[in-house]
There are 2 protein chains.
Amino acid sequence: MDSKEISQAVVSRLPRYFRYLGELKDSGVERISSQELSDIMHVTASQIRQDFNNFGGFGQQGYGYNVEYLYNEIANILGLHEKHHLVLIGAGNLGQAIANYMNFERRGFLITGIFDVNEDIIGKKIKDITVLPMSDLEQFVKDNAIDIGVLTIPKSAAKEVADRLIACGVHAIWNFAHVDLDVPDDVLVENVHLSESLMKLSYNIHRKSK
Amino acid sequence: MDSKEISQAVVSRLPRYFRYLGELKDSGVERISSQELSDIMHVTASQIRQDFNNFGGFGQQGYGYNVEYLYNEIANILGLHEKHHLVLIGAGNLGQAIANYMNFERRGFLITGIFDVNEDIIGKKIKDITVLPMSDLEQFVKDNAIDIGVLTIPKSAAKEVADRLIACGVHAIWNFAHVDLDVPDDVLVENVHLSESLMKLSYNIHRKSK
DNA sequence: ATTTTTTTGACAAGAATTTAACAGAGGCTT
DNA sequence: AAGCCTCTGTTAAATTCTTGTCAAAAAAAT
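Residues numbered from 1 in each chain as written. Chains lettered and ligands numbered in written order. Predicted model: local features only at pLDDT ≥ 70, side-chain atom pairs only at ≥ 80, totals over all residues.

Looking at the overall build of chain A
- Along chain A, the regular secondary structure elements total nine helices and 10 strands.
- Seen through its C-alpha atoms, chain A measures out along the principal axes to roughly 60 × 50 × 35 Å.
- Across chain A, the fraction of contacts at a sequence separation of at least 24, relative to all contacts at a separation of at least 6, is 56%. (Helix = DSSP H or I, 4+ residues; strand = E, 2+ residues; numbered from the N terminus. Contact = placed C-beta atoms within 7 Å.)

Focus: the interface of chain B and chain A
- Opposite the 43 residues of chain B that make contact, chain A presents 44 residues.
- Secondary-structure elements contributing two or more residues to the side of chain B that touches chain A are helix 1 (8-26), helix 5 (93-99), helix 6 (103-106), strand 9 (172-175), strand 10 (188-191) and helix 9 (194-208) of chain B.
- Among the elements that take part in the side of chain B that touches chain A, helix 9 of chain B stands out by supplying 13 residues, more than any other.
- Per-class residue counts for the side of chain B that touches chain A are 22 nonpolar, 13 polar and eight charged. (Nonpolar A, V, L, I, M, F, W, Y, C, P; charged D, E, K, R; others polar.)

Focus: the relation of the copies chain B and chain A
- For the pair chain B and chain A, the relating rotation is 180 degrees, the translation along its axis is 0.0 Å, and the fit reaches an RMSD of 0.0 Å. Such a turn and shift between the copies fits a two-fold axis.
- Interface overlap between copies: 100% of the residues of chain B at the interface are likewise at the interface in chain A, consistent with a symmetric, same-surface contact. (Least-squares fit on C-alpha atoms with pLDDT ≥ 70 in both.)

So, the domain arrangement of chain A
- Each domain of chain A was delimited in the assignment, giving domain 1 (8-77) and domain 2 (84-196).
- The C-alpha centroid of domain 2 of chain A is placed 32 Å from the C-alpha centroid of domain 1 of chain A. (Domains from an automatic or database assignment.)

Description of the sheet that holds strand 2 (residues 59-60) of chain B
Residues and elements named next belong to chain B.
- Spatial ordering of the open sheet is given by 1-3-2, a layout of three strands whose pairing is antiparallel. Each having just a single partner strand, strand 1 (31-32) and strand 2 make up the two edges of the open sheet.
- Pairing of strand 2 with strand 3 (residues 64-66) involves two bridges; the strand directions are antiparallel. Within strand 3, the residue paired with Gln60 across the bridge is Gly64. (Pairing = 2+ DSSP bridges.)

Let's talk about the protein's contact with DNA strand C
- Neighbouring DNA strand C are 27 residues; Gly57(A), Gly59(A), Gly62(A), Gln61(B) and Gly62(B) lie closest to it.
- Listing elements by their share of the surface near DNA strand C, those giving two or more residues are helix 2 (34-41), helix 3 (45-53), strand 2 (59-60) and strand 3 (64-66) of chain A together with helix 3 (45-53) of chain B.
- In terms of residue count, the dominant contributor to the surface near DNA strand C is helix 3 of chain A (five residues). (Near = placed C-beta within 6 Å.)

Points about helix 9 (residues 194-208) of chain A
- With 15 residues, helix 9 of chain A extends 22 Å from end C-alpha to end C-alpha; this agrees with the ideal 21 Å at 1.5 Å per step.
- Residues of helix 9 of chain A that are buried include every one of Leu198(A), Met199(A), Lys200(A), Leu201(A), Ser202(A) and Tyr203(A), and no others. (Expected span 1.5 Å × (residues − 1). Buried ≥ 20, exposed ≤ 12 C-beta atoms within 10 Å, placed from the backbone.)

Here's the deal with the sheet that holds strand 1 (residues 31-32) of chain A
Residues and elements named next belong to chain A.
- Sheet architecture is open: three strands sit in the order 1-3-2, paired in antiparallel fashion. The open sheet has two edge strands, strand 1 and strand 2, and neither has a second partner.
- Two strands pair when backbone bridges link them, and strand 1 and strand 3 are joined in this way by two bridges, in the antiparallel orientation. Looking at strand 3, one finds that Ile32 is bridged to Tyr65.

Notes on the protein's contact with DNA strand D
- Taken together, 27 residues surround DNA strand D, and among them Gln61(A), Gly62(A), Gly57(B), Gly59(B) and Gly62(B) come closest.
- Among the secondary structure elements, those contributing two or more residues to the surface near DNA strand D are helix 3 of chain A together with helix 2 (34-41), helix 3, strand 2 and strand 3 of chain B.
- In terms of residues, the surface near DNA strand D owes the most to one element, helix 3 of chain B, which gives five residues.
- Across the surface near DNA strand D, the residue classes tally to six nonpolar, 20 polar and one charged.

Looking at the pairing of strand 8 (residues 148-151) of chain B
Residues and elements named next belong to chain B.
- Here strand 8 shows a buried face lined by Ile148 and Val150 and a second buried face lined by Gly149 and Leu151.
- Pairing geometry for strand 4 (residues 84-89) and strand 8, over four bridges, is parallel. Bridging across to strand 8, Ile89 finds its partner in Leu151.
- As paired strands, strand 8 and strand 9 are joined by four bridges and run parallel to one another. Looking at the pairing, Leu151 lines up with Asn175 of strand 9.
- On the question of chirality, the crossover connecting strand 8 to the parallel strand 9 by way of helix 8 (residues 155-167) is right-handed. (Right-handed = clockwise from strand over helix to strand, strands pointing away.)

Here's the deal with the nonpolar core
- In terms of nonpolar packing, the biggest core is built from 110 residues, with Leu151(A) and Leu151(B) touching the most fellow members.
- Each residue touching Leu151(B), except ones within four places of it in the same chain, is listed here: Ile89(B), Gly90(B), Ala158(B), Val161(B), Ala162(B), Ile173(B), Asn175(B), Phe176(B) and Ala177(B). (Core = buried A, V, L, I, M, F, W, Y, C linked by C-beta atoms within 7 Å.)

Listed below in structure tokens is the structure:
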């Protein structure tokens, strides 16, 4: 049980470290110093050491960090050695894109169920998973130990579906709908607001041209 | 010409203000105080006032902010009153999801061209836009005053395509590939790394259960 | 075996960001 | 129209986050 809380700023950087370490590992690099990693990732060496040290000393003076060991430690910290079962609500374009995005499975994120309201889609298969009607949601969640709900539905439906998921025990929601879900304290929401990302880009385009 | 640089922390919050103000406007609210907005958005009133004041005084003592006026000002700041022409590279599931995502057009982001390497997709139509082969990219970008390139392609192809886009004058890239693009200083990149978002959620799930 | 070099982990200093506090502008009431 | 009340813009304080520094641990070299 950790005593000090890790800031989300640090947490946000972990997946990127993880990605680079994976690439280093795959290309056969055994050890790396914070300075070398700094050069590759364009982040200060100081920050790298500080970030890793939040979770304990993974390196060794005079040696640096063992790439494979560090990679696995970060995977552990991120919870990637555990399996997660997801239900995807909304089998539209975005939902299908995510369902077909194989790489998630490699990391233990298994899309177990797909739901939609559209009669034309219900019964069809997406990646070997039959799209089910919304009425089956609660029973399915309970039967399949669902961890995470993925909302790829219009904002108008998001709040209600989120409530249903939470009511049947889902504690984490990956939300692609353009709403801020109002959830109990013990439920986690990770938002992906694509339009906000695009607006940020737009802002920076215009700032430059002024 | 603004003298002081606005921090990206502030910029990241603008689209969210914009969304809430749009909703308030649509529901007929004429004026709002930073305190009321604070209650709705769960952000401190102080931060709201501070954020808006980065761009000049939009409010009035004793009155608050005029919703419609503020909404338009933020739209301006975000560059949403200008038209942007995008090319989308990669007409797979994610590319199609984005192409079909109508709301972007309402904000002036027009998907003008769609490209892919897959012979089976080239020539087909996505939202009235014919998918073109990659060989047509450069000419198309020049002919259509393309602003923004959207990369919904595998990481293996991302760097090369980004280089091609930059070479023919594109200065902003919305990148969905899992790589950090290495671009010249005058080129903007906005990354959407879905797997990193999911890993953050995973981290928080596991932290809770410890 | 001793010295030199490398490189971490810890801590301190420095920046940046967020929150609090308040004077005063301007609306609202009587 | 005078005075009260609201609520911003601004400055100051607090907090958080990032970077720089260095002693000491361990590897590498002699």
